[in-house]
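Spelled out, the chains give:
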Amino acid sequence: SRYWAHYVISFIVVGAIVGTLWFGGWMVTLLAIWAYWQVFHVLKQHFGIINIYAAKNGYKGPRNRIKYALYAVCLAPVLYRASHGLNFSEYEVFGHRLPFSNLSVPVPPIPGFLVIIGFVCAAVFLGAAVWEQFQLKRAGQRTLPAMSVATFVIAALSYNLSYLLLSDLFALILIATTTHSLQ
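In this report, we go over the structure that sits alongside the text. (Residues numbered from 1 in each chain as written. Predicted model: local features only at pLDDT ≥ 70, side-chain atom pairs only at ≥ 80, totals over all residues. Heavy atoms only, no water.)

1. Quick look at the pattern of salt bridges
Counted under the stated rule, the structure contains 2 salt bridges. The salt bridge involving Arg 65 is made with Glu 132; its shortest N-O contact spans 2.9 Å. With Arg 65 in helix H3 (residues 64–83) and Glu 132 in helix H4 (residues 112–138), this residue pair connects regions lying 67 residues apart in the sequence. The partner of Glu 90 in a salt bridge is Arg 97, with the nearest N and O atoms 2.8 Å apart. Classification of Glu 90 as partly exposed rests on a relative accessible area of 43%. (Salt bridge = Lys/Arg side-chain N within 4 Å of Asp/Glu carboxyl O. Helix = DSSP H or I, 4+ residues; strand = E, 2+ residues; numbered from the N terminus. Buried < 20%, exposed > 50% of the residue type's maximum accessible area, 1.4 Å probe, protein only.)

2. A look at unusual backbone geometry
The backbone of Phe 94 shows a phi angle near 50°, a positive value even though the residue is not glycine. Along the chain, the position of Phe 94 falls in the loop between strand E2 (92–93) and strand E3 (96–97). By relative accessible area, which is 81% here, Phe 94 ends up exposed. Backbone geometry at Asn 102 places phi at a positive 60°, although glycine is not the residue there. You can see Asn 102 is positioned in the loop between E3 and strand E4 (104–105).

3. A short note on the packing of aromatic side chains
Applying the stated criterion to the full structure yields 12 aromatic pairs. When the ring of Trp 34 is compared with that of Phe 170, the centres are 6.4 Å apart and the planes differ by 55°; the resulting orientation is tilted. Here the residue Trp 34 occupies a position in helix H2 (residues 27–56), and Phe 170 occupies one in helix H6 (residues 169–182), the gap between them amounting to 136 residues. The partly exposed category is assigned to Trp 34, whose relative accessible area is 30%. On the basis of relative accessibility, which here comes to 19%, the residue Phe 170 falls in the buried class. (Phe/Tyr/Trp six-rings, centres within 6.5 Å; stacked < 30°, edge-to-face > 60°.)

Given below as structure tokens:
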């Protein structure tokens, strides 16, 4: 009851924006917001789950490096896919064509060297996070619990395998959402 007004107002605002874009014929803008927000939302959720497992297991150590590693490792393949275009295929459900069939989400031009830099950054941040945990263990301090590490690995594998191997944006969103919901 404490946040009731906040949630209702948020629901009305989001509903008004989505409705305006949908009925105003701004489907590509709506899809762009959805596609970009989905990546941000799911990554924040993965880090939240890592924190929950850490807290439930009494881990009070540093978490920034694991957060930066998670974001870098998962965003590098997203950057790669965006550099090749974010496109929806043709979809039909129960004989009805879905409204976002064959649409493309606008992406600014992304040169190949930025994609390479993204993967290099991912490797550096991952190395820093692993090194930090190694140093904690070496000093006899608590390290991230196994479930936090497993959440990180599942997110990293999900993003890297799907965004590197699949080109269909709807499939990518469904995979990320499924991994997100399984947590």
